[in-house]
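# Analysis of the macromolecular model
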Amino acid sequence: MTQILLLNGPNLNLLGLRQPEIYGRETLADVVAACTALGAELGLKVVAKQSNHEGAMVDYIHAARDNAAGIVINPGAYSHTSVAILDALMAFDGPVLEVHISNIHKREAFRHHSYVSARAEGVICGFGTEGYLLALRRMATLVKK
Ligand code: CA2
């Protein structure tokens, strides 16, 4: 089955446990379960990773070069700071889709720019955790092309 890396960045392990007014009530485990189930329907094997460490995220992206056809990534706060994650994604050949649970454009100015968007085929933000599912549907189309 076509493998997709679902990569979540720093603090997203706290999803559903804090700040539900911004990030909703679903936990990361709920998101991963929903993506795994939808992936199976779409013929995609979703491999989910989360890290609070920039270098570890770079390592997951490097590993995806050998075993994933595409990457769905919510880089968390590293979206706004990390050239290293952008560079790692630049070295990945398949489609990259960027997800933000909140609408980063409605929030503080420092969240308005994402380095990762320069590499992403598409960006979804402000759709809550449903954004991951929408990205996965789009990914199914992109990897079949
Ligand atoms: O909206 C998003 O998905 C973000 O990527 C989330 C990041 C934030 O820094 C970005 O600007 C936008 C923060 C993730 C923090 O997640 C938490 C979840 C629950 C409780 C506390 C933090």
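Residues numbered from 1 in each chain as written. Predicted model: local features only at pLDDT ≥ 70, side-chain atom pairs only at ≥ 80, totals over all residues. Heavy atoms only, no water.

## Focus: the overall build of the protein
The number of helices and strands found in the protein is five helices and five strands. Beginning at the N terminus, the succession of helices and strands in the protein can be written as β-α-α-β-α-β-α-β-β-α. Expressed as lengths along the three principal axes of its C-alpha atoms, the size of the protein is roughly 40 × 30 × 25 Å. In the protein, of all internal contacts separated by at least 6 residues, the share reaching a separation of at least 24 is 76%. (Helix = DSSP H or I, 4+ residues; strand = E, 2+ residues; numbered from the N terminus. Contact = heavy atoms within 4.5 Å.)

## Thoughts on the sheet that holds strand β3 (residues 70–74)
The five strands are arranged β2-β1-β3-β4-β5 in an open sheet whose pairing can be described as parallel. Two strands close off the open sheet at either side, each with one partner strand: β2 (44–50) and β5 (122–125). For this sheet, the mean angle separating the axes of adjacent strands, direction not counted, is 20 degrees. As paired strands, strand β1 (residues 2–8) and β2 are joined by seven bridges and run parallel to one another. Bridging across to β2, glutamine 3 finds its partner in lysine 45. This element, helix α2 (residues 28–42), spans β1 and β2 of the sheet and lies at about 160 degrees to β2. (Pairing = 2+ DSSP bridges. Axes fitted to C-alpha atoms, helices over the stretch in contact; angles between N-to-C directions.)

## Points about helix α3 (residues 54–67)
Taking 1.5 Å of rise per residue, the 14 residues of α3 would be expected to cover 20 Å, and the 20 Å separating its terminal C-alpha atoms lies within 8% of that figure. Residues of α3 that are buried make contact with β1, β3 and α4 (83–90). (Expected span 1.5 Å × (residues − 1).)

## Let's talk about the site of the ligand
Residues in contact with the ligand amount to 17 residues; listed here are only the nearest, Asn74, His80, Ile101, Ser102 and Arg111. Between asparagine 11 and the ligand, the recorded distance is 3.4 Å, taken from a backbone N or O atom to an oxygen atom. Within the complex, 95% of the 510 Å² of free accessible area of the ligand lies under protein. The site holding the ligand turns out to be the largest pocket. (Near = heavy atom within 4 Å. Polar contact = N/O pair within 3.5 Å; in protein donor to acceptor, adjacent residues only side chain to side chain. Areas by Shrake-Rupley, 256 points an atom, 1.4 Å probe, with all protein chains shown as cover. 1 Å grid on protein atoms, 1.4 Å probe; cavity = no way out; pocket = protein on both sides within 12 Å on 5 of 7 lines; lining within 4 Å. Sits in = over half its atoms within 2 Å of the grid points.)

## Some remarks on the side chain of histidine 100
Mapped onto the fold, histidine 100 is located in strand β4 (residues 96–100). Polar contacts involving the side chain of histidine 100 include one to the side chain of glutamate 98, which spans 2.6 Å. Other than its neighbours up to four places away in sequence, histidine 100 contacts Asn74, Pro75, Ser79, Ser114, Val123, Ile124, Cys125, Gly126 and Phe127.

## Points about the layout of surface pockets
Considering only enclosed or pocket space, the largest pocket measures out at about 380 Å³ in volume. Taken together, 18 residues make up the lining of the largest pocket; nearest its centre are Pro10, Asn11, Leu12, Tyr23 and Arg111. Classifying every residue of the lining of the largest pocket by side-chain character gives eight nonpolar, seven polar and three charged. (Points joined across faces, edges and corners; volume = space filled by probe spheres on them. Nonpolar A, V, L, I, M, F, W, Y, C, P; charged D, E, K, R; others polar.)

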